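Residues per chain, in single letters:
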Amino acid sequence: MSRDPRSRPSPVERRVGKPVRPAKAGKGDATVPAREAIIQGVLPPREVILRFIADHPQQASKRELAKAFGLKGEQRVELKNLLRDLEEDGMVQKNRKSLMRPGALPPVTVLDITTRDKDGELIGRPAEWPEDAGVAPAVAIRQTTSPAGRNGKGKAPVAGMGDRVLAKIFPAGDRGGPAYTARIIKVLDRKRSAAIGVFREMPGGGGRLMPVERRGEEMVIDPEDIGTAKDGDLVEIEVARLGRFGLPRAKVLSVLGAVGSEKAISMIAIHAHGIPHIFPLPVLAEADDAKPATMKNREDWRKVPLITIDPADAKDHDDAVYAELDPSPDNVDGVIVNVAIADVSWYVRAKSMLDREAQKRGNSVYFPDRVVPMLPERISNDLCSLKEGVDRPALAVRMVFSREGRKIGHTFHRIMMKSAAKLSYQQAQAAIDGTPDDQTGPLLEPILKPLYHAYGVMKRGRDRRQPLELDMPERKIQLKPDGTVDRVVVPPRLDAHKLIEEMMIQANVAAAETLEKQRQPLIFRIHDGPSLAKQEILRTFLATLDIPLAKGGNMRANNFNGILAKAEGTPHQTMVSEMVLRSQSQAIYSPENIGHFGLNLMKYAHFTSPIRRYADLIVHRALVGSLGLGEGGITPEEEAGLDDVAAEISTFERRAMAAERETVDRLIAHHLANRVGEEFDGRVGGVTKSGLFIGLPEFGADGFIPISTLGNDYYIYDEAHQALVGDRTGLGYRLGDSVKVKLVEAVPLAGALRFEMLSEGRELPRGMRSFHKSGRGATPVRKKPGTRPPRGRK
């Protein structure tokens, strides 16, 4: 799922002498910059530590820092305390097992090459960058002229304008220009010659292309280049020619549909984020040539009544489950849970065209009525879909649980299976609730009841583990036949959903445990705990609600569950849930394991969706190779490149999430465009210096109220309390407040809504007014340009 001042230790006396480098520095060892005057064996000042971290991003772990400065014994403890203080002060942050300066780029980053500098050198920026982190840093691309690439083998990758690349990042130092330089590891995507925009007819014939991206430019389309486009159509074009003067000229390649339709809206996001959506012909040909798997090196599980339980509209089925009581006398009332996952690794081999395309995509992308799949339909919807009554290859895990829900053991098997039934979540739940249909009736006693019993046993273990129970409702857009929005619904959360979720989690844990035991390199799914800085923001916020949060860096998921429990049933429940969510880190993929904070698990890898996620395919290959299960195992070349692959697919995952979110925003904006002037019930979903973000729960939409349109007061922004507070009245708006708003503007192409506030600000909790008057933690914000603060305020 996305997010305290301490007393300082006594200052350590430091002696100043000549610069000294680490003793016996070997190849790859970190060295201290010669400009710093330090002595080996003495803890250096904070400034030296910070500069070292900035200059050596690859060697900024506690261990490397201690080695670089020659620290041993108690000095390492002092270093640990100093680094903790720097993290609390927001001077450094954790990145996997190493440290980095806030806002710094990770050592391996996906870049989009966007421009050139005055000398003609390429400049890139990170493909994904947090909206609240300001402008993304520029990176100077170092193109090598050597014919040899990494390790002296092959040609070095060469990129051009508009390309997307995976790059190694280096600090640029004090030479001026961009803060970073980069060496290209791999070109991920070449510049696309096509672009999209909205076609507008011109009175004299021909038309104009109106860009859908903020940084896009308008283009002229001559009459002979219009094709079948009509006014208001979303079209795909290619640039016909560029001149020194005037607007570029374009030619329409295809009409994508009316701007308000879901198909057209999703295409905007696909183009804006550079999501590959058309399979090259050789990839499709390779998929079409694939033959069904044989029984070679497989166990025959076709008589095991595994069933699939998926959404009613699912087109592929990559997981199946079956459970039974454990007959062993050593495990009374225990259960055996079998989870079978489609054997994608049999069909998608390393370095094949299918594999390269899957890695390029990273994951499937899901829009309200459209999927951009990671693999062609021949693989995802046919050969690897666990269809009812059809032989299908799978990789299965057999897990044994005690009656207390503790996993006693597990084994992996490469099998041939035959799904006994294809059910929807609603079908399975209705059967258990006493209303089976013709299909689920015969399955109730032999299959469904044992599954639900096994889930009840596993839930005891989950309750004892106490993962983060942050249950935020997921809204689903239902579309009309023409692709426009019909309504927004919140599907009920059924026990059938939870059953499948818990069985998939335990299968993922088993995969990670097995591979780690085999000492097999793999890609973990990791989730770091909240940073100390975010903990402090949350702690200060909760204090205004009289909800305590213990100080200290050793937070666990159940600490946050306690907070959520105290807020449950109060007017602040939604607000507290959102603040807890914002305090969490983002889960990523990594070959280095730090555990999964949210799930409260030490070993976790993605294994259960190889049709949709490349990380799972890597884990499948690792299991096949390390357990000797036949063909399609992981290769040495893949193992050597796991760092790069993890960085890529983590970026592609964020790309997919952004595209999906923006598509929903645009669809909702289109849906509400004809309701400008109407009033809505909303909720404050975000507070910034420039205004309020307002969510409409009925539609799952978000809009903005600029600070200049709020009431006649001088507003103060308080980040800790997530509020805008009127200085004169003391009334204000806080995160989570229910408000009445009027829609004053809708910009469908941008997915933007602007509201006017109709509700008066409310009285703040006790203590906040005096907090603001003291000026602690608050930022004054002028209501309008030129408005002066109240007399006496400085």
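This is a predicted model, so every value here is computed, not measured. (Residues numbered from 1 in each chain as written. Predicted model: local features only at pLDDT ≥ 70, side-chain atom pairs only at ≥ 80, totals over all residues. Heavy atoms only, no water.)

Asks: What should I look at first to understand the overall build of the protein chain in this one?
Replies: Of the regular secondary structure elements, the protein chain holds 18 helices and 35 strands. Accessible surface, the protein chain: about 38,100 Å² in total, of which carbon and sulfur atoms supply 50%. (Helix = DSSP H or I, 4+ residues; strand = E, 2+ residues; numbered from the N terminus. Areas by Shrake-Rupley, 256 points an atom, 1.4 Å probe, with all protein chains shown as cover.)

Asks: Help me understand the pairing of strand β31 (residues 731-734) in this model?
Replies: The side chains of a regular strand alternate between both faces of the sheet. Strand direction decides the pairing type here: strand β30 (residues 723-726) and β31, joined by 3 bridges, are antiparallel. Pairing of Leu724 across the sheet is with Tyr733, part of β31. Connecting β30 to the antiparallel partner β31 that follows it, the hairpin turn spans 4 residues, and Gly730 within it adopts a positive phi of roughly 75°. (Pairing = 2+ DSSP bridges.)

Asks: When you look at the side chain of Gln520 in this model, what are you seeing that I'm missing?
Replies: With respect to the secondary-structure elements, Gln520 resides in the loop between α11 (495-517) and β24 (524-526). Look at Gln520 and you get buried, because its relative accessible area is 12%. Every residue in contact with Gln520, bar those within four places of it in the chain, is listed here: Leu515, Ala622, Ser626, Ile634 and Glu639. (Buried < 20%, exposed > 50% of the residue type's maximum accessible area, 1.4 Å probe, protein only. Contact = heavy atoms within 4.5 Å.)

Asks: How do you make sense of the packing of helix α5 (residues 281-288) against helix α7 (residues 353-361) when you look at a structure like this?
Replies: Working note: a packed helix pair is described by the angle between its axes plus the distance between those axes. Relative orientation of the contacting elements α5 and α7 amounts to 120°, with a least axis distance of 8 Å. In terms of orientation, α5 lies oblique with respect to α7. Our pair here, α5 against α7, has a crossing hand that is left-handed. Of α7, the residues touching α5 (which contributes Pro282, Val283, Glu286 and Ala287) are Met353, Leu354 and Glu357. Tallied by class, residues from the contact of α5 with α7 come to 5 nonpolar, no polar and 2 charged. (Axes fitted to C-alpha atoms, helices over the stretch in contact; angles between N-to-C directions. Parallel < 35°, antiparallel > 145°, perpendicular 65-115°, else oblique. Left-handed = near helix turned anticlockwise from the far one by under 90°. Nonpolar A, V, L, I, M, F, W, Y, C, P; charged D, E, K, R; others polar.)

Asks: I'm lost on the side chain of Arg539 in this one. Help?
Replies: If you trace the backbone, Arg539 turns up in helix α12 (residues 532-543). A distance of 3.0 Å separates the side chain of Arg539 from the backbone oxygen of Ala550, its partner in a polar contact. (Polar contact = N/O pair within 3.5 Å; in protein donor to acceptor, adjacent residues only side chain to side chain.)

Asks: Looking at this model, I keep getting lost on the packing of aromatic side chains. Mind explaining?
Replies: What characterises a pair of aromatic rings is the spacing of the ring centres plus the angle enclosed by the ring planes. If you walk through the whole model with that rule in mind, you get 4 aromatic pairs. Relative to Phe607, the ring of Phe412 has its centre 5.5 Å away and its plane inclined at 85°; by these criteria the two rings are edge-to-face. Of the two residues, Phe412 sits in strand β20 (residues 407-418) while Phe607 sits in the loop between β25 (588-590) and α15 (614-626), which places them 195 residues apart along the sequence. Accessibility assignment for this pair places Phe412 and Phe607 in one class, buried. (Phe/Tyr/Trp six-rings, centres within 6.5 Å; stacked < 30°, edge-to-face > 60°.)

Asks: Sorry if this is basic, but what is going on with the nonpolar core here?
Replies: The tendency in soluble globular proteins is for nonpolar side chains to be buried side by side. Of all hydrophobic cores here, the largest spans 89 residues; its most connected members are Ile307, Val337, Val339, Tyr347, Ile379, Met503 and Phe607. Apart from residues lying up to four places away in sequence, Met503 is in contact with Val321, Val337, Val339, Met399, Leu451, Ala454, Tyr455 and Met458. By size, the runner-up hydrophobic cluster in this structure holds 67 residues, among which are Ile196, Met579, Ala659 and Tyr717. (Core = buried A, V, L, I, M, F, W, Y, C linked by side-chain atoms within 4.5 Å.)

Asks: Any chance you could explain α11 here in plain terms?
Replies: Each turn of an α-helix holds 3.6 residues, which means side chains three or four residues apart point in the same direction. Helix length check: α11 (23 residues) gives 33 Å between terminal C-alpha atoms against 33 Å at 1.5 Å per residue, within 8%. By the criterion of burial, α11 is predominantly enclosed, with 17 of the 23 residues buried. Backbone geometry just after α11 places Arg519 at a positive phi near 55°. (Expected span 1.5 Å × (residues − 1).)

Asks: What is the right way to read the environment of Lys62 from this model?
Replies: Here Lys62 shows up in helix α2 (residues 62-68). On the accessibility criterion, Lys62 (41% relative accessible area) is partly exposed. Along the primary structure Lys62 and Lys80 are separated by 18 residues, whereas in three dimensions their C-alpha atoms are 7.2 Å apart. Leave out the neighbours within four places in its chain, and Lys62 touches Leu79, Lys80 and Leu83.

Asks: Please explain the pairing of strand β19 (residues 391-401) as it appears in this structure.
Replies: Burial of β19 is extensive: 9 of the 11 residues sit out of reach of the surface. Of the strand pairs in this sheet, strand β16 (residues 335-342) and β19 are connected by 8 bridges, and their pairing is antiparallel. What sits directly across from Ala340, in β19, is Ala396. Taking the residues that link successive antiparallel strands as the turn, the β19-β20 hairpin has 5 residues, and the phi of Gly405 there is positive, at about 90°.

Asks: What am I meant to see in the pattern of salt bridges here?
Replies: Close approach of charged atoms lets side chains of opposite charge pair. With the rule as written, the count across this model stands at 41 salt bridges. A salt bridge links Asp343 to Arg414; the shortest N-O distance between them is 2.8 Å. Here the residue Asp343 occupies a position in the loop between β16 and α6 (344-347), and Arg414 occupies one in strand β20, the gap between them amounting to 71 residues. Across the pair, Arg414 and Asp343 agree in class, each one buried. (Salt bridge = Lys/Arg side-chain N within 4 Å of Asp/Glu carboxyl O.)

Asks: Looking at this structure, I do not really get the confidence of the model for the protein chain. What am I missing?
Replies: Should the pLDDT be low somewhere, the predicted coordinates at that spot are not to be read in detail. Residues of the protein chain with pLDDT of at least 70 account for 82%, and the chain-wide mean is 82. A low-confidence stretch, residues 1-37 (pLDDT under 50), is modelled with 85 contacts involving residues beyond four sequence positions or located in other chains. Long-range and interchain partners of residues 769-777, a stretch whose pLDDT sits below 50, account for 17 contacts in this model, where long-range means more than four residues apart. (pLDDT = per-residue confidence, 0-100.)

Asks: Is there a simple way to think about the packing of helix α9 (residues 425-432) against helix α10 (residues 444-465) in this case?
Replies: Taken N-terminus to C-terminus, the directions of α9 and α10 make an angle of 95°; their axes are 10 Å apart at the nearest point. Our classification of the angle between α9 and α10 gives roughly perpendicular. For the pair formed by α9 and α10, the contact residues are Ala428, Gln429, Ala431 and Ile432 on the first element and Leu444, Leu448, Lys449 and Tyr452 on the second.

Asks: In this structure, what is going on with unusual backbone geometry? I would like to understand it.
Replies: Among all residues except glycine, the phi angle is most often negative; among peptide bonds, the trans geometry is most common. The phi dihedral of Lys351 is positive, around 70°, even though this residue is not glycine. Here Lys351 is to be found in the loop between α6 and α7. Among the residues examined, Lys351 registers a relative accessible area of 53% and is labelled exposed. Notably, Asp546 is not glycine yet its phi reads approximately 60°, a positive angle. Structurally, Asp546 is set in the loop between α12 and α13 (557-567). Judged by its relative accessible area of 68%, Asp546 is exposed.

Asks: Looking at this model, I keep getting lost on α15. Mind explaining?
Replies: Taking 1.5 Å of rise per residue, the 13 residues of α15 would be expected to cover 18 Å, and the 18 Å separating its terminal C-alpha atoms lies within 8% of that figure. Across the 13 residues of α15, 12 count as buried, placing the element largely inside the fold. Every buried residue of α15 is listed here: Tyr614, Ala615, Asp616, Leu617, Ile618, Val619, His620, Arg621, Ala622, Leu623, Val624 and Ser626. A positive phi of about 65° marks Gly628, the residue just after α15.

Asks: How do you make sense of the environment of Glu578 when you look at a structure like this?
Replies: Note on placement: Glu578 falls in helix α14 (residues 573-582). Not counting residues up to four positions away in its chain, the partners in contact with Glu578 are Met472, Arg683, Gly685 and Leu735.

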